[in-house]
Amino acid sequence: MLTLRKASDRGAANHGWLKSFHTFSFANYRNPREQGFSDLLVINDDRVAAGKGFGQHPHRDMEIFSYVLEGALEHKDTLGTGSVIRPGDVQLMSAGSGVAHSEYNHSSTRPVHFLQIWIVPDVSGAKPRYQQEHFSPQKKRGRLQLIISPDGANGSLKVRQDARVYAGLIDGKESATLELAANRYAYVHVARGSVELNGMSLQEGDGVRVREEQVLTLSNGVDAEVLVFDLRPQELPEMP
């Protein structure tokens, strides 16, 4: 079963220097029917103006990863990590027992466009850690590249949860297929472009909840970049 979450139905915020779309409830956007899916809690589609960003702020007991689509994102944290994240890079910060970080547009002239995604961990109070890896376009072209997993398989980043994240680039006659284990959920997010998922047409910003499906096929893409989340089969309760 595929349940479409249209891009136009997402929450939106415009702070001038920051324009953001929220797939699930976040900050001032509250939708009792959109509280996340399985262990996937947040997908924020953020565009930050040149030279602007998020000052230092704390996190705890959350797996937070950033996926840059355009521009460059500068990261600093209380673990002593400092890095610049560019397209193809995946950054994963496991907040654990507590960490504070800042995120700024690294450029003084160009905006940065990135996704920030939160996954609920399976353990509380763990030691904070930081990971970053680059996945070239060639690794994602016409296929789904594993970028995040519980065990760091195939060079992926290690997440503290029974979840796997794949990234793919699909264009023209290219197609990619993912087989899910029995009784797994999945979530598909179109980061940009357009694509078909099992024949369903999707546009940039669209998302799909996947239940009771074991084969996912992405095809007929037009400059599409897609993230696929392989998740535990559980439902989050609606909030009042």
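This one's a predicted model, so the numbers in the text were calculated from it and none came from an experiment. (Residues numbered from 1 in each chain as written. Predicted model: local features only at pLDDT ≥ 70, side-chain atom pairs only at ≥ 80, totals over all residues. Heavy atoms only, no water.)

1. Brief notes about the side chain of glutamate 34
Here glutamate 34 lies in the loop between β3 (18-22) and β4 (40-48). Residue contacts for glutamate 34: discarding those within four places in its chain leaves Arg5, Thr23, Phe24, Ser25, Tyr29 and Arg209. (Helix = DSSP H or I, 4+ residues; strand = E, 2+ residues; numbered from the N terminus. Contact = heavy atoms within 4.5 Å.)

2. Digging into the sheet that holds strand β10 (residues 99-105)
If you walk across this open sheet you meet the four strands as β5-β10-β7-β8, and the pairing is antiparallel. Two strands close off the open sheet at either side, each with one partner strand: β5 (53-59) and β8 (82-85). Strand-to-strand, the axes of this sheet are offset by a mean angle of 20°, without reference to chain direction. Where strand β7 (residues 73-77) meets β8, four bridges bridge the pair, whose relative direction is antiparallel. (Pairing = 2+ DSSP bridges. Axes fitted to C-alpha atoms, helices over the stretch in contact; angles between N-to-C directions.)

3. Regarding the UniProt feature "domain: Pirin N-terminal" (unreviewed entry) in the protein
Listed under "domain: Pirin N-terminal" (unreviewed entry) in the UniProt record, and renumbered for this structure, are residues 12-119. From the first C-alpha to the last, residues 12-119 spans 21 Å; its make-up is 0% helix and 57% strand. (UniProt positions renumbered as here; feature names shortened; annotations may be inferred.)

4. Things to note about the sheet that holds β3
Adjacent strands of a sheet form backbone hydrogen bonds with each other and so pair up, either parallel or antiparallel. Spatial strand order, β2-β3-β4-β11-β6-β9-β12: seven strands in an open sheet with antiparallel pairing. Lying at the two open borders of the sheet, with one neighbouring strand each, are β2 (11-14) and β12 (129-134). Across the sheet, the mean angle from the axis of one strand to that of its neighbour is 15°, orientation sign disregarded. As defined by bridge partners, strand β6 (residues 63-70) adjoins strand β9 (residues 89-94) across five bridges and the pair is classed as antiparallel.

5. Section: the packing of aromatic side chains
One pass over the structure, following the stated rule, counts five aromatic pairs. Each ring, one from phenylalanine 65 and one from phenylalanine 229, has its centre 6.4 Å from the other, and the planes form 40°; the classification is tilted. Taken together, the residues phenylalanine 65 in strand β6 and phenylalanine 229 in strand β20 (residues 215-231) connect sequence positions 164 residues apart. For the residue pair phenylalanine 65 and phenylalanine 229, the accessibility class agrees, reading buried in each case. A cation over an aromatic ring shows up here: arginine 211 above the ring of tyrosine 185, its NZ or CZ 5.7 Å from the ring centre. (Phe/Tyr/Trp six-rings, centres within 6.5 Å; stacked < 30°, edge-to-face > 60°. Buried < 20%, exposed > 50% of the residue type's maximum accessible area, 1.4 Å probe, protein only. Lys NZ or Arg CZ within 6 Å of the ring centre and 35° of its normal.)

6. Brief notes about the layout of surface pockets
Any space left empty among the atoms is revealed by the rolling of a water-sized probe across them. What the largest pocket holds in volume is close to 280 Å³. The wall of the largest pocket is formed by 18 residues, among which Leu18, His22, Phe26, Ala27 and Phe54 lie closest to the centre. For the lining of the largest pocket, the secondary structure elements donating two or more residues are β2, β3, β4, β5 and β11 (112-119). Its residues assigned to classes, the lining of the largest pocket shows eight nonpolar, eight polar and two charged. Empty space within the second largest pocket amounts to approximately 170 Å³. Forming the walls of the second largest pocket are 15 residues, and the residues nearest its centre are Pro137, Lys140, Leu169, Arg192 and Glu225. Here the residues of the lining of the second largest pocket sort into seven nonpolar, two polar and six charged. (1 Å grid on protein atoms, 1.4 Å probe; cavity = no way out; pocket = protein on both sides within 12 Å on 5 of 7 lines; lining within 4 Å. Points joined across faces, edges and corners; volume = space filled by probe spheres on them. Nonpolar A, V, L, I, M, F, W, Y, C, P; charged D, E, K, R; others polar.)

7. Some thoughts on the nonpolar core
Counting residues in hydrophobic clusters, the biggest one holds 26 residues, and the most contacted among them are Leu40, Phe65, Tyr67, Ile147 and Phe229. Broken down by secondary-structure element, the contributors of at least two residues to this core are β4, β6, β9, β11, β13 (144-149), β15 (164-170), β17 (185-197) and β20. Beyond its immediate stretch of four places on either side in the chain, isoleucine 147 contacts Tyr67, Val90, Phe135, Ser156, Leu157, Val165, Tyr166, Ala167 and Leu227. Counting residues in each nonpolar core, the second largest holds 20 residues, with Leu144, Leu146, Ala186 and Val210 among its members. (Core = buried A, V, L, I, M, F, W, Y, C linked by side-chain atoms within 4.5 Å.)

8. A few points about the pairing of strand β19 (residues 207-210)
Working note: regular strand, side chains alternate between the two faces of the sheet. Neither face of β19 is exposed, since Gly207 and Arg209 on one face and Val208 and Val210 on the opposite face are all buried. Of the strand pairs in this sheet, strand β1 (residues 2-5) and β19 are connected by four bridges, and their pairing is antiparallel. Residue pairing in the sheet places arginine 5 in a bridge with glycine 207 of β19. Looking at chain direction, β17 and β19 are connected through four bridges and run antiparallel.

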